[in-house]
Amino acid sequence: MAETTLSMEQRFRVEAACRKIDACDDIEVIRTLAKQLLHALETERASTRQAIADLKQKGEQKPTLAQRFGFNTDQM
């Protein structure tokens, strides 16, 4: 699998978040943030899995998740 490269904007947001975490000395705030990040990561994984499954299905009448996100599944 090819390594994914973050855009400049994504790298900036990651760096800003890391600085905010480094500046935080409240363990409860960090715990809450970590839980939110884990939830967001798993939600993203589930969405990606569903989009891939939708891309594999051709000829379906209703728009797939991938089509709703603007992917042209006819060319795959």
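Conventions used here
Residues numbered from 1 in each chain as written. Predicted model: local features only at pLDDT ≥ 70, side-chain atom pairs only at ≥ 80, totals over all residues. Heavy atoms only, no water. Helix = DSSP H or I, 4+ residues; strand = E, 2+ residues; numbered from the N terminus. Buried < 20%, exposed > 50% of the residue type's maximum accessible area, 1.4 Å probe, protein only. Areas by Shrake-Rupley, 256 points an atom, 1.4 Å probe, with all protein chains shown as cover. Patch = residues over 30% accessible without salt bridge, like charges linked within 9 Å, V, L, I, M, F, W, Y side chains within 5 Å. Salt bridge = Lys/Arg side-chain N within 4 Å of Asp/Glu carboxyl O. Expected span 1.5 Å × (residues − 1). Contact = heavy atoms within 4.5 Å. Polar contact = N/O pair within 3.5 Å; in protein donor to acceptor, adjacent residues only side chain to side chain. pLDDT = per-residue confidence, 0-100.

1. Overview of the overall build of the chain
The number of helices and strands found in the chain is three helices and zero strands. Along the chain direction, N to C, the helices and strands of the chain fall in the order α-α-α. For the chain, the proportion of its 76 residues judged to be buried stands at 9%. For the chain, the computed accessible surface area is about 7000 Å², with 58% contributed by carbon and sulfur atoms.

2. Details of a nonpolar patch on the surface
A surface patch of nonpolar side chains, about 220 Å² in accessible area, is lined by Ile21, Leu33 and Leu37. Position of Leu37 relative to the elements: it lies in helix H2 (residues 27-56).

3. A short note on the pattern of salt bridges
One pass over the full model with this rule turns up four salt bridges. Between Glu9 and Arg13 there is a salt bridge, and its shortest N-O distance comes to 2.8 Å. In this pair, Glu9 and Arg13 are both assigned in helix H1 (residues 8-23), four residues apart and thus about one turn of the helix distant. Glu9 gets classed as exposed once you look at its relative accessible area, which sits at 52%. Between Glu28 and Arg31 there is a salt bridge, with the nearest N and O atoms lying 2.7 Å from each other. Remark: Arg31 and Glu28 occur in helix H2; sequence separation between them is three residues, near one turn of the helix.

4. A short note on H2
Compared with the 44 Å implied by 1.5 Å per residue over 30 residues, the 44 Å span of H2 between its first and last C-alpha is a close match. Buried within H2 we find Ala51, Asp54 and Leu55. Of the surrounding elements, those touching the buried residues of H2 are helix H3 (65-68). Where H2 begins, the side chain of Asp26 points an oxygen toward the backbone nitrogen of Glu28, at a separation of 3.0 Å.

5. Brief notes about the confidence of the model for the chain
Counting all residues, the mean pLDDT for the chain is 84, and 87% of those residues have values of 70 or more. Of all helices and strands in the chain, the one with the weakest mean pLDDT is H3 (75), whereas H1 scores best (92).

6. Things to note about the environment of Gln67
Along the chain, Gln67 falls in helix H3. Given the relative accessible area of 32%, Gln67 is considered partly exposed. Gln67 sits 16 residues away from Ala51 along the chain, and the two C-alpha atoms are 8.8 Å apart.

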